[in-house]
Amino acid sequence: MPISVKNSLILVKTEATPGVDSGPTPAANAVGMQVDDFSSQIEQRSATNETVGTGFGSQDMIPYARRGKVAFKVPLAGSGGLTPPSWNVLLGMCAVSETAGVSPTRLEYMPASTNLKTTSLWAYVNGELGKFAYAVGNGKMLWEAGKVPTLGVEGTGLVTSVTDVATPAATLTSWKRPLAFGPATCAGVNLGGTYAAGAITGGTFYSLKSLELDMGNDIVDLELAGPESIGVYDWAPKLTLTADIAPAALTALYAAMHAGTLTSVGMQHGNVAGSKLLFHAGQCAITGIEDVREGKLFLTKLSLACQPSSAGNDAWRLVHL
């Protein structure tokens, strides 16, 4: 009898030593993922050995390695206080660092280039438990009007075992209820503003339909004989946003794109301490401007490449306030 997708469970825990299983548990490391767009599979890798003299037919396939591939989304919600939200381990898996700030007290998440983390990822799916070590991933954040903001993760890890195990009961109380994205919780997208100490100042606000960040992680899975590893070795984050931008401002954006002038993109979602999330990318090159239909109306879609400043790992930041 088929098993419901809702009886699936993902556990993720940071590894103290890369590649050594950290032993995640359903009580402490369960992921409050959404049902939609969830997938988990074992990718078997095989060498081909096709020979002559035996007539037509498929070539011999000789297995040599396998990988675990998992994709899922979790709601982006604050922790309700000044403690790290439960999805911080997923950001760490995606080459993102966590830094505590003061005045006001906040947590800032930015892409990292050193001291990157790996995770142990256990997937209870369809009556099977797949254990994956050395797991890293790429992340995508999406805010869209009328929907729950999400963090999507596409993870890859080394398969250590696959067994038939019933899905255990999980503790998900640390995963807080998210805020829907809409006019009551967001003032729109800010172009040209400056970020400092948990706030965006200056710039101009525009009504926002959607904002998506693709972290653009370059995940290298180098096949070698001997100990294997997977890691993030570069990143090139990109933004796409759809907003209501007036003709005069749109003309200026076309000019900025042609001149290669950088702009900033910022947004805050939520109004209550502990549930506020602020996004800011300080130096973005506009790579595309497109008219998009929304029913019988026109909105503008901007594509941007997020560039770090001279300080380095600050191509974008997500601030928990």
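Further up the page is the structure itself.
Residues numbered from 1 in each chain as written. Predicted model: local features only at pLDDT ≥ 70, side-chain atom pairs only at ≥ 80, totals over all residues. Heavy atoms only, no water.

Asks: Which residues make up the pattern of salt bridges, and what values do they have?
Replies: Across all of its chains, the model carries ten salt bridges by this definition. Arg 317 serves as the salt-bridge partner of Glu 108, at 2.6 Å between the closest nitrogen and oxygen. Placement of Glu 108 in strand E5 (residues 106-111) and of Arg 317 in strand E19 (residues 317-320) is noted, with a sequence separation of 209 residues between them. Accessibility classification places Glu 108 together with Arg 317 in one group, the buried group. Close ionic contact of Glu 294 with Lys 209 constitutes a salt bridge, the shortest N to O distance being 3.5 Å. Of this pair, Glu 294 sits in strand E17 (residues 277-294) while Lys 209 sits in strand E12 (residues 204-214), and the two are 85 residues apart along the sequence. Salt bridges sharing partners connect three or more residues here, namely Glu 43, Arg 45, Arg 67, Asp 221, Glu 223 and Glu 228. (Salt bridge = Lys/Arg side-chain N within 4 Å of Asp/Glu carboxyl O. Helix = DSSP H or I, 4+ residues; strand = E, 2+ residues; numbered from the N terminus. Buried < 20%, exposed > 50% of the residue type's maximum accessible area, 1.4 Å probe, protein only.)

Asks: Quick rundown of the environment of Gly 130? Include the residues and the values.
Replies: Inspection of the secondary structure puts Gly 130 in strand E7 (residues 128-144). The exposure class of Gly 130 is buried, given its relative accessible area of 8%. Each residue touching Gly 130, except ones within four places of it in the same chain, is listed here: Leu 121, Trp 122, Ala 123 and Ser 161. (Contact = heavy atoms within 4.5 Å.)

Asks: Report on the environment of Pro 2, specifying residues and quantitative values.
Replies: The residue Pro 2 is located in the segment before strand E1 (9-14) in this model. For Pro 2, a relative accessible area of 76% corresponds to the exposed category. Sequence separation of Pro 2 and Thr 25 is 23 residues, and the distance between their C-alpha atoms is 25 Å.

Asks: Mind laying out the packing of aromatic side chains, listing which residues take part and the relevant values?
Replies: Tallied over the entire structure, the rule returns three aromatic pairs. With 5.9 Å between their ring centres and 50 degrees between their planes, Trp 143 and Phe 279 make a pair best called tilted. Of this pair, Trp 143 sits in strand E7 while Phe 279 sits in strand E17, and the two are 136 residues apart along the sequence. Both residues of the pair, Trp 143 and Phe 279, belong to the buried class. Taking 6.5 Å as the distance between ring centres and 20 degrees as the angle between the ring planes, the aromatic pair formed by Phe 279 and Trp 316 counts as stacked. Of the two residues, Phe 279 sits in strand E17 while Trp 316 sits in the loop between strand E18 (297-306) and E19, which places them 37 residues apart along the sequence. Note on accessibility: Phe 279 and Trp 316 belong to one class, buried. Chaining the aromatic ring pairs together yields one cluster made of Trp 143, Phe 279 and Trp 316. For the cation-ring pair, Lys 131 lies above Trp 122, with the distance from its terminal atom to the ring centre recorded as 4.0 Å. (Phe/Tyr/Trp six-rings, centres within 6.5 Å; stacked < 30°, edge-to-face > 60°. Lys NZ or Arg CZ within 6 Å of the ring centre and 35° of its normal.)

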